[in-house]
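Fold and contact review
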Amino acid sequence: MSIFTRYAMDALMKTTHPEVNRKQCWNLHPHRTPCTACKDICPYGDEIFTRPNLVKDWDPCTDCGLCVSACRSGCIAPSPEQVQRDISPADSDGDTIWIGCEKSTRKNTVVRTCVSAYSWEALAYLALNKKIVLDLTPCGECENDVCAGHLRAVLTRLVEFFGQPLFEARFTLAYELDDAPFHVKEYSRREMMEQVTSGSKKGTKQLLRMLCTSAVMTLCPSGHSLSEENLHVGLDR
């Protein structure tokens, strides 16, 4: 098999759209009002879905993830490409991830069709690894009430999962352009070495202080310990 044939087969076999498991659909159980969340939130809902959980044609699908995020029963599973795309920012450099939609004029780390295309589970995973800034500057002028309602549901679920204090520590909701600006600083090689050296010195000093404090508590279990000034006098030189 030639290398070109192998690449062609890999491309054909690769799933680039969500997968629907109809057995898990919320509508299979009797309800007063049927769920149409996936079809309503999808930009091409009428072209893709014959009715909720029944796909007519995946060709218009852009793999944005809105239907996956909106599905209340997990009936729609993300494609492997979407999973990798959504969680890969957790391995990026820096301690903050900026997430925004295509309408934003800000420079964001991650750009999606809508911020609500991120499921709350994916956002929770990212927040456990980095601090998250959600760029909501275009939301005030957005006329898509379905996405707005779903975004509120996603944020509510995240607050319930993390608790209010931890949510506020890990997430920043940027409603204005001046909120949590995206800063990119280019360092020269010399500046990078200075940053690394400075961080190493501070980390070493802090580690030594912790070790000394632990040693003093071990040697003086009765509570008679050295003063803070005497303990750190050799470290501050």
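Residues numbered from 1 in each chain as written. Predicted model: local features only at pLDDT ≥ 70, side-chain atom pairs only at ≥ 80, totals over all residues. Heavy atoms only, no water.

Looking at the nonpolar core
Nonpolar side chains tend to gather and get buried jointly when the protein is soluble and globular. Counting residues in each nonpolar core, the largest one holds 21 residues, and the members touching the most others are Ile99, Leu123, Ile132, Leu134, Leu158 and Phe171. If you list the elements that add at least two residues to this core, you get β5 (96-101), α6 (120-127), β7 (131-135) and α7 (145-162). With sequence-adjacent residues up to four places away left out, isoleucine 132 is seen in contact with Ile97, Ile99, Leu126, Ala127, Arg170, Phe171 and Thr172. Counting residues in hydrophobic clusters, the runner-up holds 11 residues, among them Cys38, Phe49, Cys71 and Ile76. (Core = buried A, V, L, I, M, F, W, Y, C linked by side-chain atoms within 4.5 Å. Buried < 20%, exposed > 50% of the residue type's maximum accessible area, 1.4 Å probe, protein only. Helix = DSSP H or I, 4+ residues; strand = E, 2+ residues; numbered from the N terminus. Contact = heavy atoms within 4.5 Å.)

Structural notes on the side chain of aspartate 86
Following the sequence through the fold, aspartate 86 ends up in helix α5 (residues 80-87). Residue aspartate 86 is classed as buried on the basis of its relative accessible area of 6%. Those residues in contact with aspartate 86, other than ones at most four positions away along the chain, are Arg112, Tyr118, Ala122 and Leu126.

Overview of α7
Residue pairs three or four apart in sequence face the same way in an α-helix, which turns once every 3.6 residues. Over its 18 residues, α7 extends 26 Å from the first C-alpha to the last, a length consistent with the 26 Å expected when each residue adds 1.5 Å. Taken residue by residue, α7 has Cys147, His150, Leu151, Val154, Leu155, Leu158 and Phe162 as its buried positions. Around the axis of α7, the buried residues are gathered within 140° of arc, so they sit on the same side. Away from its buried face by more than 90 degrees, α7 exposes Asp145, Arg152 and Glu160. Structurally, α7 contributes buried residues whose contacts are with α2 (37-41), α4 (66-70), α6, β7, α8 (164-170) and β8 (171-174). One or two residues past the end of α7 sits glycine 163, with phi positive at roughly 90°. (Expected span 1.5 Å × (residues − 1). Arc of directions from axis to C-beta.)

Some words on the pattern of salt bridges
One pass over the full model with this rule turns up four salt bridges. In this structure, the salt-bridge partner of arginine 85 is aspartate 86, at a minimum N-O distance of 4.0 Å. With a relative accessible area of 28%, arginine 85 lands in the partly exposed category. Across the pair arginine 112 and aspartate 86 runs a salt bridge whose closest N-O atoms are separated by 3.2 Å. Highlighted residues: arginine 112 in strand β6 (residues 110-112) and aspartate 86 in helix α5, separated in sequence by 26 residues. Here arginine 112 falls in the buried class, since its relative accessible area comes to 10%. Salt bridges sharing common partners tie together Asp63, Arg85, Asp86 and Arg112. (Salt bridge = Lys/Arg side-chain N within 4 Å of Asp/Glu carboxyl O.)

Examining the pairing of β7
Along β7, four of the five residues are buried, which leaves the element largely enclosed by surrounding structure. Here four bridges tie β5 to β7, and the two strands are oriented parallel to one another. Residue pairing for β7: isoleucine 99 is matched across the bridge by leucine 134. (Pairing = 2+ DSSP bridges.)

With respect to the sheet that holds β7
In space, the four strands of this open sheet follow the order β6-β5-β7-β8, with parallel pairing throughout. A strand with exactly one partner marks an edge of an open sheet, and here the two such strands are β6 and β8. Sheet twist, expressed as the average angle between the axes of neighbouring strands with direction ignored, equals 20°. (Axes fitted to C-alpha atoms, helices over the stretch in contact; angles between N-to-C directions.)

Looking at the side chain of aspartate 63
Tracing the sequence through the fold places aspartate 63 in the loop between β3 (54-55) and α4. Residue classification places aspartate 63 among the buried positions, given a relative accessible area of 7%. For aspartate 63, the side chain forms a polar contact with the side chain of serine 79, separated by 3.0 Å. Excluding its chain neighbours within four sequence positions, the residues that come into contact with aspartate 63 are Thr16, His17, Pro18, Ser79, Glu81, Gln82 and Arg85. (Polar contact = N/O pair within 3.5 Å; in protein donor to acceptor, adjacent residues only side chain to side chain.)

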